[in-house]
Amino acid sequence: MISVEEAIDIVMSQTIEAGTEKVPLQKATGRVLQENILADRDFPSFNRVMMDGIAVNSKAWQEGRREFYVEGMQTAGAPQQALSQEQNCIEVMTGAMLPQNTDVVIRYEDVKIEDKVARVSIDEVKPLQNVHLKGTDRKLDDVLIHKNQKLSPAEIAILATVGKHTVEVVRHLKVAIVSTGDELVDVNEMPHPYQIRRSNTYALQSALQAEGHEAQAFHINDEKDALETKLREIVGEYDVVILSGGVSKGKKDYVPEILEKLNVKKLFHGVKQRPGKPFWFGVREEGSSPTAIFALPGNPVSTFMCFYAYTLPWLRKCYGLNTQILEANLAEEFDFQPPLTYFLQVKLTMDQGQLLAVPVTGKGSGDLANLLEADAFLQLPSDRSAFKAGESFPVIQYRQIF
Ligand SMILES: Nc1nc2c(c(=O)[nH]1)N[C@H]1C(S)=C(S)[C@@H](COP(=O)(O)OP(=O)(O)OC[C@H]3O[C@@H](n4cnc5c(N)ncnc54)[C@H](O)[C@@H]3O)O[C@H]1N2
Ligand code: MOO
Ligand SMILES: [Mg+2]
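What counts and how
- Every chain's residues receive numbers from 1 upward, in the order its sequence appears when written.
- Ligands are numbered from 1 and chains lettered from A, in the order in which they are written.
- Owing to the predicted nature of the model, reporting of local features is limited to residues with pLDDT of at least 70; listing and counting of side-chain atom pairs is limited to 80 or more, with chain, interface and lining totals taken over all residues.
- Where side-chain values are given, they derive from all heavy atoms of the structure, hydrogens and water being excluded.
- What makes a salt bridge here is a side-chain nitrogen of Lys or Arg within 4 Å of a carboxyl oxygen of Asp or Glu, nothing more.
- To qualify as a helix, a DSSP run of H or I must reach at least 4 residues; to qualify as a strand, a run of E must reach at least 2; elements of each kind are numbered from the N terminus.
- Each residue is placed in one exposure class: buried if its accessible area under a 1.4 Å probe, protein chains only, is under 20% of its type's maximum, exposed if it is over 50%, and partly exposed if it falls in between.
- By definition, two strands form a pair when at least two bridges between them are found by DSSP.
- In this description, a line fitted to the C-alpha atoms serves as the axis of each element, helices being fitted only across the stretch in contact, and the angle between N-to-C directions of two axes falls anywhere from 0 to 180 degrees.
- Residue contacts are counted whenever heavy atoms from the two residues lie within 4.5 Å of one another.
- Near is defined per residue: the residue qualifies when any heavy atom it owns lies within 4 Å of the molecule or strand.
- Think of a polar contact as two N or O atoms within 3.5 Å of one another; within protein, one of them needs to be a possible hydrogen donor and the other a possible acceptor, and neighboring residues in sequence only count if both atoms come from side chains.
- Using a 1.4 Å probe, accessible areas were evaluated by the Shrake-Rupley method; residue-level cover was limited to the displayed protein chains.
- UniProt positions are given in the numbering used here, feature names are shortened, and annotations may be inferred rather than shown by experiment.
- Three classes are used, and their members are as follows: Ala, Val, Leu, Ile, Met, Phe, Trp, Tyr, Cys and Pro are nonpolar, Asp, Glu, Lys and Arg are charged, and the others, Gly among them, are polar.
- Domain borders in the structure are assigned automatically or taken from a domain database.
- Summarising the geometry, the arc corresponds to the directions from the helix axis toward the C-beta atoms.
- Counted as donors are N, O and S atoms no farther than 2.8 Å from the metal, or 3.2 Å for Na, K and Ca; water is not among the atoms, and sites may therefore look incomplete.
- Nonpolar core, defined: a set of buried Ala, Val, Leu, Ile, Met, Phe, Trp, Tyr and Cys residues in which side-chain atoms within 4.5 Å join the residues together.

**A short note on the pattern of salt bridges**
What the rule picks out here adds up to 18 salt bridges. Between Lys-134 and Asp-42 there is a salt bridge, and its shortest N-O distance comes to 2.9 Å. Pair noted here: Lys-134 is in the loop between strand 10 (131-132) and strand 11 (143-145) and Asp-42 is in the loop between strand 2 (37-38) and strand 3 (48-49), with a separation of 92 residues, a long-range link. The exposure class of Asp-42 is buried, given its relative accessible area of 16%. Here Glu-257 and Lys-224 are joined by a salt bridge, their closest N and O atoms 3.1 Å apart. Placement of Glu-257 in helix 6 (residues 255-261) and of Lys-224 in helix 5 (residues 224-237) is noted, with a sequence separation of 33 residues between them. Linked through salt bridges whose partners overlap, the residues forming this network are Glu-228, Arg-232 and Lys-261.

**Brief notes about the sheet that holds strand 18 (residues 265-269)**
The pairing of strands in a sheet comes from backbone hydrogen bonds and takes either a parallel or an antiparallel form. Strand order in this open sheet of six strands is 16-13-17-21-20-18, and the pairing throughout is mixed. Only two strands of the sheet have a single neighbouring strand rather than two, namely strand 16 (216-220) and strand 18. Averaged over all neighbouring strand pairs, the angle between strand axes comes to 20°, with direction disregarded. Here strand 13 (residues 175-180) pairs with strand 17 (residues 240-244) via five bridges, running parallel. The residue of strand 17 that forms the bridge with Val-178 is Leu-243. Relative to strand 18, helix 1 (residues 4-12) is tilted by about 155°, and along the sheet it contacts strand 18, strand 20 (280-284) and strand 21 (291-296).

**Observations concerning the site of ligand 1**
Neighbouring residues of ligand 1: 21 residues in total, closest Glu-183, Ser-199, Gly-246, Ser-248 and Gly-298. One of the backbone nitrogen or oxygen atoms of Ser-248 is found 3.0 Å away from an oxygen atom of ligand 1. At 3.3 Å from an oxygen atom of ligand 1 is found a main-chain nitrogen or oxygen belonging to Asn-299. When ligand 1 sits alone it has 870 Å² of accessible area, and the protein chains cover 69% of it.

**Details of the UniProt feature "domain: MoaB/Mog" (unreviewed entry) in the protein chain**
Here, the residues flagged by UniProt with the feature "domain: MoaB/Mog" (unreviewed entry) are residues 176-317. End C-alpha to end C-alpha, residues 176-317 measures 18 Å, and it is 35% helix and 26% strand.

**Focus on the sheet that holds strand 6 (residues 88-92)**
With mixed pairing, the six strands of this open sheet are ordered in space as 7-4-6-5-9-8. With partners counted over all chains shown, the strands left at the sheet margins are strand 7 (104-107) and strand 8 (111-114), one partner each. Between one strand axis and the next, the sheet turns through 40° on average, direction left out of account. When strand 5 (residues 67-74) meets strand 9 (residues 117-120), the two strands line up antiparallel, connected through three bridges. Counted as the bridge partner of Phe-68 is Ala-118 from strand 9.

**Focus: the site of ligand 2**
Taken together, the neighbourhood of ligand 2 is formed by Arg-274, Pro-275, Gly-276, Lys-277, Pro-278, Asn-299, Ser-302 and Ser-365. With respect to ligand 2, the backbone of Lys-277 contributes an N or O atom lying 3.0 Å from an oxygen atom. Within the side chain of Asn-299, a nitrogen or oxygen atom sits 3.1 Å from an oxygen atom of ligand 2. Of the residues contributing to the shell around ligand 2, the split by class is two nonpolar, four polar and two charged.

**Things to note about the domain arrangement of the protein chain**
What the domain assignment lists for the protein chain is domain 1 (4-18 + 172-318), domain 2 (22-43 + 137-170), domain 3 (48-132) and domain 4 (326-397). The straight-line distance from the C-alpha centre of domain 2 to that of domain 4 is 40 Å.

**Focus: helix 4 (residues 200-209)**
Regarding helix 4, the residues found buried are Asn-200, Thr-201, Leu-204, Ala-207 and Leu-208. Each buried residue of helix 4 lies within a common arc of 130° when the element is viewed along its axis, so the set occupies one face.

**Let's talk about the coordination of the magnesium ion (ligand 3)**
Distances from the magnesium ion (ligand 3) to its protein donors, namely Asp-253 (OD) and Asp-253 (OD), fall within the range 2.4 to 2.5 Å. Within the element layout of this structure, Asp-253 appears in the loop between strand 17 and helix 6.

**Overview of the nonpolar core**
Ranked by size, the top nonpolar core spans 45 residues in total, and within it Phe-294, Tyr-310 and Trp-314 carry the most contacts. Among the elements that make up this core, the one with the highest residue count is helix 7 (residues 300-318) (twelve residues). There are two domains that each give this core at least three residues, and those are domain 1 (4-18 + 172-318) and domain 4 (326-397). Setting aside its immediate chain neighbours within four residues, Tyr-310 contacts Val-4, Ala-7, Ile-8, Val-11, Val-271, Gln-273, Phe-279 and Phe-294.

Given below as structure tokens:
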């Protein structure tokens, strides 16, 4: 059996080259950009009025004029007008082009308009006040967003403004999630006393969805022929296969032998950790592109933990993204004797700017209801058995709490 550190190194060394694809802007959030985005015009692209009010010529102002005849109105979305007489003004709206022959905008709040004459009630104006000058934010052809940037709503706004209705991003790998087990029925079914509803595939699909990722779910019973036939198809078609169950010592735990029969190269089986000890990982190099296979132990908390500790950081790395691992302080002392890395379930709180982890142990890796009580797993190293309050350890969060 290998250590958690070795298992992580092996998994992370097996990233898949995802390639690129084009997606519509509305589907681009969370994706990793694969092109540089340039300004298609100056920002702003014209001298833009910043306040609703009147536009005047500063020369007239300097000569002492405080009353201006209103010549017309320049609204947003209309071609630029020109002030014909320097002593006059034009009413202007936010987002409109500043009329030619004007260079100062005075807000309606500082003006009283009666009988087409605007009387200004302030004593001072600054040159170009309330004017957003063409090209002052960014210039035509400036690089606005660099390749490899993960797209958030801020980048989406910029992509929209430069007219990118489709965007080149890192391709999403095709992910299959497969539950195995004769005891499992689907959510819409009523289980017999000896059955349960399958929850792992839904949990994994949801965890991927939270990451903006789609995945197809399958179920296979504990039958060698069915496993071989269906897994052959799935492994042939998908880039990533996440299995749950059938990897331990049971008489119907066929998954490892079937995967090896399908020429999936086993990279490890068994990790010195709790939960998730029987975790199996391998790759199939056959065909045009490799397939990575995460065969996670079926106990719900094990499946859950292994996905967040291994599969998710691996998937992000395939897309050129890092998984930042925070540390949290243990809130109370904790003992764990076996020489295994213990992923302790914890409830996270914030204490004077520090993450604090309160143990909520639950009843083992079959106790999926305990996932509701915790937010994260605190990774306690295998080389010690006593952990003191206040010590800090890496934390793998599955619930975003802040
Ligand atoms: N003799 C030994 N027995 C077991 C060992 C061991 O070392 N020696 N390891 C235990 C550990 S640790 C784990 S974890 C489990 C892993 O079991 P499998 O990966 O073989 O999974 P199954 O046997 O198929 O199922 C285990 C458990 O999980 C439930 N399950 C499975 N899939 C789902 C699902 N999609 N949704 C909800 N629940 C699921 C299943 O009903 C079982 O209760 O093995 C221990 N045994
Ligand atoms: O590894 Mo198992 O996940 O402890 O129950
Ligand atoms: Mg089993």
